[in-house]
Amino acid sequence: MTETSFLGLHIHRFALCGLLICSLLPSVGAQETPGAQQPAVPADQPAVPADQPAVPADQPAKQSTAEDNTTSAEQGDEKAAPAAPAVPAEQLPFKIRPYEVLVTTGFAPDCLPEERLRTQLIADIDRAIERMYGDVWDQAVEDSLWLSPGNRQKLESITWDGLSERYTEIDWHKVFLVSVENHSNGFLVAVREADLRIHEITASYSEQVVSYSLLAPTITRLLRDSFRPCLLFQRRIDGDDNRATMVMQTQAGEIIPPDPSATQVQEGDVLRPFIRQMERRNPRALQGLKAITLTYLKVLRVDTEVSRGLVEAFYLTHLNPRISPFGGKGRSQEHFAVRQRATADESRVRLVLRSRPDKPLISHRLALAYQLYYKDEEDGEQTKLVSDRNGEVIIQRRENHPTFWIRVYSGTSLLARVPYAPGLIPFDTIQLPDDSVRLEVEGELQLLADDLIDAIALRGVLLARAKKLAGDGNTEEVTALFNRYDAVPSKNEFLERISNIRVAAMSKAEKKRLGTRLIKNQCNGIESTVNNFFSDERRNARNAEIQKIKQLAEQKAK
C-alpha cells in the first residue's frame, strides 16, 4: 500500500469517528443535564406512572435509569421547546392537591398462578381507579411481594406499627392493602386503608367475587368504600349558647371525580378531628399527632358551586367549644379531619376511669339522647343502658342520627355528657372522670341527711309528748322532755359537719386534679335544707310553743 492510500484510509476513519461522536452528543447532553429535558420527580409523587408496570414495594420506589433519561431526551429533541418542570404536589393548594395513593396487592399462592393474569389485573385496577377518581387520585398499583402470599386473615393481622416501617407520608397519603384469594367457585377480596397522616388503619372490607372479570371493579368499589377523605380547617363560626361551626376544605375538593359515586363528602357525614404538630424547620415532618377523642364534626352543608369542597360542619364536643384545642391557628399546626362512615351497626364500648384505664366502671347507667346539640329538643324517647361486669355496653346505630349524646350517671348524679357516633370504631373505649371522691361525699351527706331527718322527727315527738304531759300538770316529765329536746343536734352542728365534709373532699379532689363543682353543689344543697329547717321564723315559732307548754304545765300543777 502506498503512503497516499494509507493516509486516505486514516482520514476516512477519522471522518467516521466524527460522525459517530456527533450522533451521540444529544444523548450525552441529556444525561448531564436531565432537568433541561425531563423534570425531576417530586418526592411525594407516586413511584409508578399509571401507564407503566408497578415497582414491587421492596425495591426502590422512585428511581429512574440512564436509559430512561436518554430515551426521554431523544424524544424531547423532536419537540419545538423543552417541557416545563412539573410542580410538586405538596406545593399545590390543598383544594387542588391530589391524593398520593399506593394500592399494594397480595395474592394467595394458589390464586391466579399465571403472571400475565396478575399483571392484567393490576392494569385493570389502575384503569378502573382512573375512571372513578380521575385527577383526584394520583395512584400507583403494584403486585406486592411483602404482602404475598395474601389472604384476609393476614390482611387483618397487619398493625400500624408494622406498616409504618414500610411507608411514610413523604411518599404517600394513603396506602391501600388488598388481598385476593380463591374462595368456593370464585374469589374473596379484602381491602384496608391506611392513612399515613393520622397513623390509622381501618377495618377490612371484604366481598366474594364469582369471576375474574369482576375482580377489578369489585376491588375498586371496596377502595372507594374504605377511602377516608381528608379535610383541613379553615375558620370557625361561633354562635349562641356555646355553639360552633367549623369551615373545612376538602383535599382535591375542586377536582370533580368522573364517577359521581366517588363524591368525597356529603351532607350528614361525620368527621373525626386531629391536630398535627409539624416541625418548624421542616414543615413537612410530623413532630406530634393528637386525636381529639369524643369529638366530631357533623357536615351541615357542602359547597358544590362557588368554592367546591368547602364544608360547614357542626362541632360536637364534650368540652367547651371556645376552649377546645381543635379549631385554633398555629404556625406549625395542621387542624386535620377525616370523613369516616360507619362500618358496623353497633359499637362495643368499655367505660373506664381516666386515671385508671385498667379499671372498668361497672353498673353505670347510660341514657342516649337523640339530638344534634345537648340543649336541642330530643327526637324521640331516650334509650336506657347499664354497663355490665366488664364495664362494657353495646351502643346501636340509629337511622337519621349518626351522632347523639350519651349521659352517664354515677349514683344519682350526672357523671359525664359526651357526643358519640357508633359504628365508626367497632371496639371503643370511653374514659370518664374519677368519681370516687364525689361518691364518698354523696355517701357522707346521705348519712347526714338521715341524721337530720331523725333530729326533726325526734323534736316533733318530744314536743307532742311534752304538750300531753303539760295538760296533766306533770312538770317534772315536761322538764325532762325539754332537756332531751335541747340535746338534739342543732343547726350549727349540722353546718359544721357539712363544712368538714366539703373541705376534706375538695382537698382530695385537688390532689387528684378532679373537678369540685359537683362536690360544691351537693354540699350547698344539703346546707340549704338545714338552713330552711332551722330558719329564724321556725326557731321563734318553736320557742314560743315551748313557752306555752311550760306555762300550761305550771298552771295544771297548781
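Predicted model only: the values in this text are computed from it and were never measured.

A.B. asks: Could you give me a rundown of the packing of aromatic side chains, with the residues and numbers involved?
C.D. replies: What describes a pair of aromatic rings is the distance from one ring centre to the other and the angle between the planes of the rings. Applying the stated criterion to the full structure yields 15 aromatic pairs. Aromatic pair Tyr374 and Trp405: ring centres 5.4 Å apart, planes at 65°, arrangement edge-to-face. Of this pair, Tyr374 sits in the loop between strand E15 (365-369) and strand E16 (383-386) while Trp405 is found in strand E18 (residues 404-410), placing the two residues 31 residues apart along the sequence. Tyr374 gets classed as partly exposed once you look at its relative accessible area, which sits at 23%. The structure contains a cluster of three or more aromatic residues connected by ring pairs, namely Tyr99, Tyr133, Trp137, Phe176 and Phe227. Over the face of the ring belonging to Tyr370 we find Arg398, whose NZ or CZ atom lies 3.9 Å from the ring centre. Positioned over the ring face of Phe533 is Arg542, at 5.2 Å from the centre of the ring.

A.B. asks: Please provide a residue-by-residue account of the sheet that holds strand E17 (residues 392-396), values included.
C.D. replies: If you walk across this open sheet you meet the three strands as E17-E14-E20, and the pairing is mixed. Unpaired on one side and paired on the other, E17 and strand E20 (427-432) mark the two borders of the sheet. Neighbouring strand axes in the sheet, compared pairwise and without regard to direction, differ in orientation by 35° on average.

A.B. asks: Would you mind going over the nonpolar core in detail, with residue names and values included?
C.D. replies: If you look at the biggest cluster of nonpolar residues, it comprises 40 residues, and the most contacted ones within it are Trp137, Val180 and Leu223. Tallying contributions element by element places helix H4 (residues 115-133) first for this core, with six residues. Other than its neighbours up to four places away in sequence, Trp137 contacts Tyr99, Val101, Ile129, Phe176, Leu223 and Phe227. Counting 32 residues, the second-largest nonpolar core is a separate cluster that includes Val478, Ile501, Ile526 and Ile549.

A.B. asks: So, the pattern of salt bridges: which residues are in play, and what are the values?
C.D. replies: Tallied over the entire structure, the rule returns 26 salt bridges. Its salt-bridge partner being Asp376, residue Arg243 comes within 2.2 Å of it at the nearest N-O pair. Here the residue Arg243 occupies a position in the loop between strand E7 (230-238) and strand E8 (244-250), and Asp376 occupies one in the loop between E15 and E16, the gap between them amounting to 133 residues. Overall, the relative accessible area of 22% leaves Asp376 in the partly exposed class. Note that Glu334 is salt-bridged to Arg276, the shortest N-O span being 2.8 Å. Of the two residues, Glu334 is situated in strand E13 (residues 333-339) and Arg276 in strand E9 (residues 270-278); the sequence distance between them amounts to 58 residues. On the basis of relative accessibility, which here comes to 1%, the residue Arg276 falls in the buried class.

A.B. asks: Can you lay out the confidence of the model for the chain for me, pointing to particular residues and giving the numbers?
C.D. replies: For the chain, the mean per-residue pLDDT works out to 82, and 84% of the residues sit at or above 70. Helix H2 (residues 34-37) is the least confidently modelled element of the chain, averaging 36 in pLDDT, while helix H7 (residues 215-226) averages 97, the highest of any element. Low pLDDT, under 50, characterises residues 1-12; the predicted model gives this stretch one contact beyond four residues in sequence or across chains. Below a pLDDT of 50 lies the segment residues 19-87, which in the model reaches 65 contacts outside its immediate sequence neighbourhood of four places, other chains included.

A.B. asks: So, the sheet that holds E16: which residues are in play, and what are the values?
C.D. replies: Pairing is antiparallel across the open sheet formed by four strands, whose spatial order is E16-E15-E18-E19. Of all strands in the sheet, those with a lone pairing partner are E16 and strand E19 (413-420), marking the two edges. Averaged over all pairs of adjacent strands, the angle between their axes in this sheet comes to 25°, without regard to strand direction. The sheet contact formed by E15 and E16 spans four bridges and is antiparallel. Each residue of the ladder has a partner; that of Arg365, found in E16, is Val386.

A.B. asks: Give a description of helix H10 (residues 491-511) that names residues and reports values.
C.D. replies: Note that an α-helix has 3.6 residues per turn; residues three or four places apart therefore point the same way. The end-to-end C-alpha distance of H10, which contains 21 residues, comes to 31 Å, matching closely the 30 Å that a straight helix rising 1.5 Å per residue would cover. Where H10 is buried, its residues touch helix H8 (436-471) and helix H11 (517-533). One or two positions beyond H10, positive phi appears at Arg513, with a value near 60°.

A.B. asks: Which residues make up the layout of surface pockets, and what values go with them?
C.D. replies: Counted as a void, the largest pocket has a volume near 1,000 Å³. As for the largest pocket, its lining consists of 37 residues, of which His318, Arg354, Leu415, Ala416 and Pro433 are closest to the centre. Of all the elements in the fold, those that place two or more residues in the lining of the largest pocket are strand E10 (286-291), E19, E20, H8 and H11. Looking at the lining of the largest pocket element by element, the count peaks at five residues for E19.

A.B. asks: Describe the packing of helix H9 (residues 475-487) against helix H12 (residues 536-557), and please don't skip the residues or the numbers.
C.D. replies: H12 packs onto H9 with a crossing angle of 160° between their chain directions and a minimal axis gap of 9 Å. Comparing the axis directions of H9 and H12 gives the class roughly antiparallel. Here the hand of the crossing between H9 and H12 comes out left-handed. Contacts between H9 and H12 involve Thr475, Val478, Phe482 and Tyr485 from the first element and Arg542, Ile546, Ile549, Lys550, Ala553, Glu554 and Ala557 from the second. For the contact of H9 with H12, the residue count by class is seven nonpolar, one polar and three charged.

A.B. asks: Let's hear about the environment of Leu177: which residues, and what values?
C.D. replies: Looking at the secondary structure, you find Leu177 in strand E3 (residues 174-183). For Leu177, a relative accessible area of 0% gives the class buried. Other than its neighbours up to four places away in sequence, Leu177 contacts Thr104, Trp146, Leu147, Leu155, Ile158, Leu163, Ala190, Val191, Arg192 and Ile201.

What counts and what doesn't
- Residues numbered from 1 in each chain as written.
- Predicted model: local features only at pLDDT ≥ 70, side-chain atom pairs only at ≥ 80, totals over all residues.
- Heavy atoms only, no water.
- Phe/Tyr/Trp six-rings, centres within 6.5 Å; stacked < 30°, edge-to-face > 60°.
- Helix = DSSP H or I, 4+ residues; strand = E, 2+ residues; numbered from the N terminus.
- Buried < 20%, exposed > 50% of the residue type's maximum accessible area, 1.4 Å probe, protein only.
- Lys NZ or Arg CZ within 6 Å of the ring centre and 35° of its normal.
- Pairing = 2+ DSSP bridges.
- Axes fitted to C-alpha atoms, helices over the stretch in contact; angles between N-to-C directions.
- Core = buried A, V, L, I, M, F, W, Y, C linked by side-chain atoms within 4.5 Å.
- Contact = heavy atoms within 4.5 Å.
- Salt bridge = Lys/Arg side-chain N within 4 Å of Asp/Glu carboxyl O.
- pLDDT = per-residue confidence, 0-100.
- Expected span 1.5 Å × (residues − 1).
- 1 Å grid on protein atoms, 1.4 Å probe; cavity = no way out; pocket = protein on both sides within 12 Å on 5 of 7 lines; lining within 4 Å.
- Points joined across faces, edges and corners; volume = space filled by probe spheres on them.
- Parallel < 35°, antiparallel > 145°, perpendicular 65-115°, else oblique.
- Left-handed = near helix turned anticlockwise from the far one by under 90°.
- Nonpolar A, V, L, I, M, F, W, Y, C, P; charged D, E, K, R; others polar.

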